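Summary of the model geometry
Below are the chains, spelled out letter by letter.
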Amino acid sequence: MAVTSAAALALTVAPMDAAAVSGGGGLSEGLAGKDLSGQDLRKYKLTKANLRQTNLSGANLEGVSLFGSLSEGAVFKGANLRNADLESGNYEDADFSDAIMEGAYVNNAQFVRVNIKGSDWTDVVLRKDIQKALCAIADGVNPTTGVATRDSLLCP
Ligand SMILES: *[C@@H]1O[C@H](CO)[C@@H](O)[C@H](O)[C@H]1NC(C)=O
């Protein structure tokens, strides 16, 4: 399984340098629906990437730009999204359960029908209405940081 996903990764993801050389558009295709679970993706640039239904369970996305990504139905279960840029992305139906969102940038991100059970939103700046919507569904405790989802969202 690890071998399969590593091979898929090699075929479909170009390192950031290569992407920069080719203009950065090359990453958008080929990742949808892929199994990238458990991968260290910190060197990759996923700006505007198509991550629909992509399995990023347990992936390390710390500091990665997912700006404008199309991540409908993506699975970020237990992923490390510390300081990642999720701005202007579409995360409808995405699974953020147990994910670490600490310090992530989420301005303009669409969090519709998301699963955020056990996720940690410490130091994430949220618009009031988004915070309210997330608090309405927040529960659980992050297994890695030990922080309660509701506490991390500063829910009343
Ligand atoms: C995603 O990957 C994890 C780890 O390999 C696996 O347990 C899980 O079933 C996968 N989820 C989906 C929706 O494919």
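Now for a look at the structure at hand. Because the structure is a prediction, the values reported are computed rather than measured.

Looking now at the overall build of the protein chain. Counting its secondary structure elements, the protein chain contains 4 helices and 0 strands. Secondary structure elements in the protein chain, listed N-terminal to C-terminal, are α-α-α-α. Relative to its 156 residues, the protein chain shows a buried fraction of 45%. Here the contacts in the protein chain between residues at least 6 apart in sequence split such that 14% fall between residues at least 24 apart. As displayed, the protein chain offers around 7,600 Å² of accessible surface, 54% of which is attributable to carbon and sulfur atoms.

Further remarks concern the nonpolar core. Core analysis: the biggest nonpolar cluster contains 37 residues, and Phe 76, Leu 81, Leu 86, Tyr 91, Phe 96, Phe 111 and Trp 121 have the highest contact counts within it. Leu 81 has contacts with Leu 61, Leu 66, Phe 76, Leu 86, Phe 96, Ala 99, Ile 100, Met 101, Glu 102 and Ala 104, leaving out every residue within four places of it along the chain.

What follows covers the pattern of salt bridges. Side-chain pairing between opposite charges can occur once the charged atoms of the two side chains come close. A complete count under the given rule lists 8 salt bridges for this structure. Arg 82 is the partner of Glu 102 in a salt bridge, and the nearest nitrogen-oxygen pair spans 3.4 Å. In this pair, Glu 102 sits in the loop between helix H2 (16-21) and helix H3 (128-135) while Arg 82 sits in the loop between H2 and H3, placing the two residues 20 residues apart along the sequence. Look at Arg 82 and you get partly exposed, because its relative accessible area is 24%.

This next bit is on the environment of Lys 34. Mapped onto the fold, Lys 34 is located in the loop between H2 and H3. Of note is the side chain of Lys 34, whose polar atom sits 2.7 Å from the backbone oxygen of Gly 30.

Conventions used here
Starting from 1, residues in each chain are numbered consecutively following that chain's sequence as written. Owing to the predicted nature of the model, reporting of local features is limited to residues with pLDDT of at least 70; listing and counting of side-chain atom pairs is limited to 80 or more, with chain, interface and lining totals taken over all residues. The side-chain values count all of the structure's non-hydrogen atoms but skip hydrogen atoms and water molecules. Elements are defined by DSSP. Helices are runs of H or I of four residues or more, strands are runs of E of two residues or more, and each kind is numbered from the N terminus. A 1.4 Å probe rolled over the protein chains alone gives each residue an accessible area, and that area as a share of the maximum for its type sets the label: buried under 20%, exposed over 50%, partly exposed in between. Between two residues, a contact is recorded if the distance between any of their heavy atoms is within 4.5 Å. Throughout, the Shrake-Rupley method with a 1.4 Å probe supplies accessible areas, and for residues the shown protein chains are the sole cover considered. The set of buried Ala, Val, Leu, Ile, Met, Phe, Trp, Tyr and Cys residues whose side-chain atoms join them within 4.5 Å is what this entry labels a nonpolar core. By salt bridge we mean one thing: a side-chain nitrogen of Lys or Arg within 4 Å of a carboxyl oxygen of Asp or Glu. By the criterion applied in these results, polar contacts are pairs of N or O atoms within 3.5 Å in which, for protein atoms, one can donate a hydrogen and the other can accept it, and in which residues neighboring in sequence qualify only through two side-chain atoms.

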